Amino acid sequence: MKLSNRAESVRIQENDVAGDEDFDFIIIGSGAASITAALVAKEAGARPLILEKTDKVGGSTAMSGGVAWMPANPLQQAAGIADSYEKARAYLDACAGDVGPASSPERRHAFLVEAPRVVQFLQDRGMQFVHAEGYSDYHEGQKPGGVARSRSLVGQIYDARRLGAWRDRLRRNAGTPPILMHEAGALGHNGRTWKSRRTFVKVGLRLLRNKLGADLVGNGMAIQGRLLEIALNAGIPIWLNAAVRGFLIEDRRVVGVEALVDGAPRRLRAEKGVLINAGGFSHNLEMRNAYQQQPIGTDWTNANPGDTGEVQQAAIDLGADVALMEQSWWVSVSIAPDGSKLIHPFDMSKPYSMLVDTGGERYVNESTSYMEVGIQMYARDKVVPAVPSWLISDSRHRNRYMWAGRPAGEPPREWIDSGYMVRADTIEELASKCGIPADRLRQTVDRFNGFAASGLDEDFHRGESAYDRFAGDPTVKPNPNLGPIEKPPFYAVRLYPGDVGTCGGLMTDEFARVLRPDGSVIEGLYATGNSTASVMGRSYPGAGASIGASMTFGFIAARHATGANV
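Residues numbered from 1 in each chain as written. Predicted model: local features only at pLDDT ≥ 70, side-chain atom pairs only at ≥ 80, totals over all residues. Heavy atoms only, no water.

Draft legend 1. Seen up close, the pattern of salt bridges. Applying the stated criterion across every chain, the model contains 38 salt bridges. Salt-bridge contacts for Arg559 lead to Glu114; the nearest nitrogen and oxygen are separated by 3.8 Å. Note that Arg559 is positioned in helix α18 (residues 545-562) and Glu114 in helix α5 (residues 105-124), a separation of 445 residues in sequence. Taking relative accessible area as the criterion, Arg559 reaches 17% and is therefore assigned buried. Between Arg206 and Glu183 there is a salt bridge, and its shortest N-O distance comes to 2.9 Å. Placement of Arg206 in helix α7 (residues 194-211) and of Glu183 in the loop between β6 (158-159) and α6 (184-188) is noted, with a sequence separation of 23 residues between them. (Salt bridge = Lys/Arg side-chain N within 4 Å of Asp/Glu carboxyl O. Helix = DSSP H or I, 4+ residues; strand = E, 2+ residues; numbered from the N terminus. Buried < 20%, exposed > 50% of the residue type's maximum accessible area, 1.4 Å probe, protein only.)

Draft legend 2. Broad picture of the sheet that holds strand β4 (residues 129-131). Pairing in this open sheet of three strands is antiparallel, and the strands run β3-β5-β4 from one edge to the other. The open sheet is flanked by β3 (67-69) and β4, the only strands paired with a single partner. Averaged over all adjacent pairs, the angle separating strand axes in this sheet is 35°, with direction ignored. Here α18 sits on the sheet and contacts β3 and β4; the angle it forms with β3, its principal contact strand, is near 70°. (Pairing = 2+ DSSP bridges. Axes fitted to C-alpha atoms, helices over the stretch in contact; angles between N-to-C directions. Contact = heavy atoms within 4.5 Å.)

Draft legend 3. Main features of helix α15 (residues 427-434). Within α15, the full set of buried residues consists of Ile427, Leu430, Ala431 and Cys434. Looking straight down α15, one finds its buried side chains confined to an arc of 100°; they lie on one side. In this structure, the buried side of α15 is in contact with β16 (389-393), β17 (421-424), α16 (438-454) and β18 (490-502). After α15 finishes, the residue Gly435 shows a positive phi value of roughly 75°. (Arc of directions from axis to C-beta.)

Draft legend 4. Seen up close, the nonpolar core. Within the largest apolar cluster, 114 residues are counted, with the highest numbers of intra-cluster contacts made by Phe25, Phe111, Leu122, Phe129, Tyr135, Leu355 and Met536. If one sorts the elements of this core by residue count, α18 sits on top with 10 residues. If near-sequence neighbours (up to four positions away) are discounted, Phe129 is found in contact with Leu75, Val119, Leu122, Gln123, Leu153, Val154, Ile223 and Met551. In terms of nonpolar packing, the next biggest core, distinct from the first, is built from 31 residues, Phe23, Ile26, Phe247 and Ile522 among them. (Core = buried A, V, L, I, M, F, W, Y, C linked by side-chain atoms within 4.5 Å.)

Draft legend 5. Inspection of helix α10 (residues 310-317) at higher detail. Of all eight residues in α10, seven are buried, a share of seventy percent or more. Where α10 is concerned, the buried positions are Glu310, Val311, Gln312, Gln313, Ala314, Ala315 and Ile316. Once α10 ends, the next one or two residues include Gly319, with phi positive near 110°.

Draft legend 6. Highlighting the state of the cysteines. Under the counting rule described, the total for this entry stands at zero disulfides. Take Cys95: it sits in no disulfide, and the sulfur closest to it among the cysteines is that of Cys503, at 14 Å. Its relative accessible area of 12% is what places Cys95 among the buried residues. (Disulfide = S-S within 2.5 Å.)

Draft legend 7. Examining a nonpolar patch on the surface more closely. Residues Val201, Leu205, Leu208 and Leu212 make up a contiguous nonpolar surface patch of roughly 420 Å² in combined accessible area. Among the structural elements, Leu212 can be located in the loop between α7 and β7 (216-217). (Patch = residues over 30% accessible without salt bridge, like charges linked within 9 Å, V, L, I, M, F, W, Y side chains within 5 Å. Areas by Shrake-Rupley, 256 points an atom, 1.4 Å probe, with all protein chains shown as cover.)

Draft legend 8. Looking closely at the confidence of the model for the protein chain. Looking at the protein chain as a whole, its pLDDT mean stands at 94, while 96% of the residues score no less than 70. Of the regions scoring below 50 in pLDDT, residues 1-18 engages in 37 contacts with residues more than four places distant in sequence or in other chains. (pLDDT = per-residue confidence, 0-100.)

Draft legend 9. Highlighting the packing of aromatic side chains. Counted by the stated rule, this structure contains 17 aromatic pairs. For the ring pair Phe281 and Tyr291, a centre distance of 6.0 Å and an interplane angle of 55° mean the geometry is tilted. With Phe281 in the loop between β11 (264-276) and α9 (285-291) and Tyr291 in helix α9, the pair connects residues that are 10 residues apart, well separated along the chain. The class of Phe281 is buried, set by a relative accessible area of 0%. Lying over the aromatic face of Phe553, Arg107 brings its terminal NZ or CZ to 4.5 Å of the ring centre. Geometry around Trp194 places Arg197 over its ring, the cationic atom sitting 4.6 Å from the centre. (Phe/Tyr/Trp six-rings, centres within 6.5 Å; stacked < 30°, edge-to-face > 60°. Lys NZ or Arg CZ within 6 Å of the ring centre and 35° of its normal.)

Draft legend 10. Quick look at the packing of α5 against α18. Direction vectors running N to C along α5 and α18 enclose 90°, while the axes themselves pass 8 Å from each other. Of the possible angle classes, the one that applies to α5 and α18 is roughly perpendicular. For the pair α5 and α18, contact is made by Arg107, Ala110, Phe111, Glu114, Ala115, Arg117, Val118, Phe121 and Leu122 and by Gly548, Ala549, Met551, Thr552, Phe553, Phe555, Ile556 and Arg559, respectively. (Parallel < 35°, antiparallel > 145°, perpendicular 65-115°, else oblique.)

Draft legend 11. The arrangement of unusual backbone geometry in detail. A cis amide bond links Gln294 with the next residue in sequence, Pro295, at an omega value of -5°. Turning to its location among the elements, Pro295 is positioned in the loop between α9 and α10. In this structure, Pro489 follows Pro488 across a cis peptide bond, with omega equal to -5°. For Asn219, which is not glycine, the phi dihedral falls at a positive 50°. Taking the relative accessible area as the measure of exposure, Asn219 reaches 10% and is therefore buried. We note that Asp262 has phi near 50°; this positive angle belongs to a residue other than glycine. With respect to the helices, strands and loops of the structure, Asp262 is situated in the loop between β10 (253-261) and β11. What makes Asp262 exposed here is its relative accessible area of 59%.

As structure tokens, then:
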């Protein structure tokens, strides 16, 4: 499919350019996979170049939770967690299912074999990973092969002062405290457990250090910051404000790119190939309308600002095949009065709350994978309007737990006055204010409260998996994810299928080579990350499944292109 507004994918006329500049391996985008690939190429004796179209390094990785799902990795082994290729393969197969060649047996095999090698490769070069203890696989207990203690890794807290002149070029997720993502479970308990209190103290000490002059960052900024430091120490060139507009082609092979660098047209040759790691099309309204489910837009996304799809489209123009374009890495969001998009997976997992459609019916396990919640929200919307859905809660949810990281307690006045958060003294009044049939919502609440009393969610099995319980409240019995909705006042907030990036895109093989619809390879062109159709299919097996796969296929691409044996 070709779209009309592709101003950024047109070719630069040769007479506009002073001449070619030679490299060996050009990488489009500056996320974790890009630096991983550049390090491989550099050590193979090749000349890599990273091109980043914005003025900040890090892409979606830096804005994310900074988690990488890497089955059977060395840190798991050090922690005494039993895992194996066979166990991970059974789990990935069960999660991804049959979605065609985007998640072919060969691609799954390549990911699972190479992921542990990527971890070791980066550790040997200075990367500091931390095992995300307790951040369970998302479908542990539901799919065979899941690991409750986690297959996920995070980057150790990083002091961005180490970047020197590049410190201000690291993309930041404004307002995010210096935490390790798996600490979010304990923080979400809001001091109700000793583990939660200890975690608050640890994070508080980091904040104090920042007030005294440090620049400690966590989440995606930590993993990306340290990778950037490693890249700079290795002498890898990274060009900012370098927007790729097309590809150089010779004998049907990609041999470089055409780009605008600081506004000036450049022809950059890459004799060994080009790797696309430019993200997806979350901020491209035309592509979202063309490919994705409705209703959709660009107003609900938390993807990085450079996620605009023009590099994907340029590859499509070359004949690249695409798949899974209707899917994104869905994350439920609400739109605050100031227009900011608040993310709520852990809020939805807390007791004393449930998600309903506009008819007042539950339709999903609120505590399951945020990807699955988004998929089910769209599926439900085909039957009953469910975009947006309503998160219904009582006063205990509001008084005990944070809301998208905001303090618990009395809601800010503007939340109520603006209608962002609806408040009422009875369930029937709340239903009326939300336009939900009151009798239906009352029946749903009563049924839900019965499940809370017994501890067994007979409809959607909420609280039965380790991941569900990770963000629940262990002080609530008998089920940490269920609590009756019975204490007024009651609250309701509209939740939308937001995302942190699209996850459909270019079709690639087990070597990360871009494919045409007939399965043939576009020689010299590789792709990874959100630019591609995910090896995870339409699933999200565990925290960091997108970053883990992206880094792994970036590693694979660079090895294949350069003949590296690392």
